[in-house]
Amino acid sequence: MSVLVNKDSKIIVQGFTGSEGTFHAEQMIEYGTNVVGGVTPGKGGQEHLGRPVFNTVVDAVKEVGADTSIIFVPPAFAADAIMEAADAGIKVIITITEGIPVADMVKAANYISSRDCRLVGPNCPGVITPGEAKVGIMPGFVFKKGTVGIVSKSGTLTYEAADQVVRQGLGITTAIGIGGDPIIGTTTKEAVELLINDPETECVVMIGEIGGQLEADAANWYKASGSKKPIIGFIAGETAPAGRTMGHAGAIVGGSDDTAQAKKQIMRDCGIHVVDSPAEIGKKVKEVMG
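Attention in this report is confined to the structure presented alongside it. Note that this is a predicted model, so its numbers are computed, not measured.

Things to note about the overall build of the protein chain
Helix and strand content of the protein chain: nine helices and 14 strands. A compact globule built from 290 residues should have a C-alpha radius of gyration of about 19 Å, and the protein chain, at 18 Å, falls within 12% of that. Summarising its shape, the C-alpha atoms of the protein chain cover approximately 55 × 40 × 30 Å along the three principal directions. Here the contacts in the protein chain between residues at least 6 apart in sequence split such that 73% fall between residues at least 24 apart. In the protein chain, the 25 positive side-chain charges and the 33 negative ones have mean positions that sit 4 Å from each other.

Given below as structure tokens:
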């Protein structure tokens, strides 16, 4: 089992023929991901990387049965690309683009809320189910198949956690990079819930950061769920000065509950195994999994 993407996912790349889209689509295809085509308006009918190019997402859904999209469209047009994918019936929309204006994301989030689809991102590294599908920009070789799920706001810490888990002789079911923007599609709670409910995932690593309520919401849901699957948690940004926006637009402390210390306390109170350094993630996973 896996969540969001697997070997049967039919993936299209929006912004397929651009430099970012080309580079990462090539890596995804090389990994063995089922990329069935791409979308670049005005280039429909051409071929790129041995895959068909379509003018619209609707065409891609109609012609090749696409059900998953990854977006490498420039920030000014990315929200429209999200809405176009949702409108065309794409079920999983993974948005890598960084710097989408917040007002655009408000509109896009509102638009897709009434549609049967799931948005991951924006400003995220994507989703990987090792050995099946890499729908993102992560280094595929780091991830090995196993029973540990990863949810993270940080791309780099996703790779770091996966590497540590693998070094402990374990592996990953699915890793979900949710992104660090103020408005994202899939929240920490929703991603954790997907993995806790996945029969093959035996343990979850949850990596958060200062700012916002996402980790607290996830921790409270976990406690209420009564799940016996362990969660290992880490919060980045402990030494960040108050009021400073860090690398992610969403990582800004707004009140006393947004700090790393407060979040870690809430997580501990909800039964999560919290580590104080990212270097301890792998060892803690090994320890709680016996």
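Now that the structure has been shown, we can carry on.
Quick notes on the pairing of strand β8 (residues 126-129)
Of the two faces of β8, both are covered, the one formed by G126 and I128 as well as the one formed by V127 and T129. Where β8 and strand β9 (residues 133-136) come together, four bridges link them in antiparallel fashion. Bridge assignment links I128 to a residue of β9, and that residue is K134. Hairpin connection, β8 to β9: the antiparallel pair is bridged by three residues, and G131 has positive phi, about 80°. In terms of strand pairing, β8 meets strand β11 (residues 172-177) through three bridges, oriented antiparallel.

Remarks on the packing of helix α5 (residues 155-167) against helix α9 (residues 281-288)
Contact pair α5 / α9: the axes reach a minimum separation of 8 Å and the direction vectors enclose 50°. Compared by their axis directions, α5 and α9 come out oblique. The way α5 lies across α9 gives a crossing that is right-handed. Mapping the contact onto sequence places A161, Q164 and V165 in α5 and I281, G282 and V285 in α9. Looking at the contact of α5 with α9 residue by residue, the class counts come to four nonpolar, two polar and no charged.

A short note on the pattern of salt bridges
Oppositely charged side chains are able to pair whenever their charged atoms sit close together. Applying the stated criterion across every chain yields a total of twelve salt bridges. Note that D163 and R167 form a salt bridge whose closest N and O atoms lie 2.8 Å from each other. Of this pair, D163 and R167 both sit in helix α5, four residues apart, roughly one helical turn. For R167, a relative accessible area of 66% translates into the label exposed. Among the salt bridges present, the one from E193 reaches K189, with a minimum N-O distance of 2.8 Å. Of this pair, E193 and K189 both sit in helix α6 (residues 188-196), separated by four residues, roughly a single helical turn. The exposure class assigned to E193 is partly exposed, which follows from its relative accessible area of 24%.

Some details on the side chain of D181
The topology assignment puts D181 in the loop between β11 and α6. K153 provides the closest opposite charge to the buried, unpaired D181, separated from it by 10 Å.

Considerations on the side chain of S154
Mapped onto the secondary structure, S154 falls in the loop between β10 (145-152) and α5. On the accessibility criterion, S154 (12% relative accessible area) is buried. At 3.5 Å, the side chain of S154 and the backbone nitrogen of T156 are in polar contact.

Thoughts on the state of the cysteines
Overall, the coordinates contain zero disulfides when judged by the stated rule. C124 forms no disulfide, and the closest cysteine sulfur to it belongs to C117, at a distance of 14 Å. This cysteine, C203, is not joined by any disulfide, and C270 carries the nearest cysteine sulfur, 17 Å off.

Observations regarding the environment of G146
Position of G146 relative to the elements: it lies in strand β10. In the structure, G146 is positioned ten residues away from T156 in sequence and 20 Å away in space, judged by C-alpha atoms. With residues up to four places along the chain from it excluded, the contact list for G146 reads G171, I172 and T173.

Here we look at the packing of aromatic side chains
Taken as a whole, this structure holds zero aromatic pairs when the rule is applied. Sitting over the ring of Y111, R115 keeps its end group 3.9 Å from the ring centre.

Quick notes on the rules
- Residues numbered from 1 in each chain as written.
- Predicted model: local features only at pLDDT ≥ 70, side-chain atom pairs only at ≥ 80, totals over all residues.
- Heavy atoms only, no water.
- Helix = DSSP H or I, 4+ residues; strand = E, 2+ residues; numbered from the N terminus.
- Rg over C-alpha atoms; globule rule 2.2 N^0.38 Å.
- Contact = heavy atoms within 4.5 Å.
- Lys, Arg positive; Asp, Glu negative; His and termini not counted.
- Charge placed at Lys NZ, Arg CZ, Asp CG, Glu CD.
- Buried < 20%, exposed > 50% of the residue type's maximum accessible area, 1.4 Å probe, protein only.
- Pairing = 2+ DSSP bridges.
- Axes fitted to C-alpha atoms, helices over the stretch in contact; angles between N-to-C directions.
- Parallel < 35°, antiparallel > 145°, perpendicular 65-115°, else oblique.
- Left-handed = near helix turned anticlockwise from the far one by under 90°.
- Nonpolar A, V, L, I, M, F, W, Y, C, P; charged D, E, K, R; others polar.
- Salt bridge = Lys/Arg side-chain N within 4 Å of Asp/Glu carboxyl O.
- Polar contact = N/O pair within 3.5 Å; in protein donor to acceptor, adjacent residues only side chain to side chain.
- Disulfide = S-S within 2.5 Å.
- Phe/Tyr/Trp six-rings, centres within 6.5 Å; stacked < 30°, edge-to-face > 60°.
- Lys NZ or Arg CZ within 6 Å of the ring centre and 35° of its normal.

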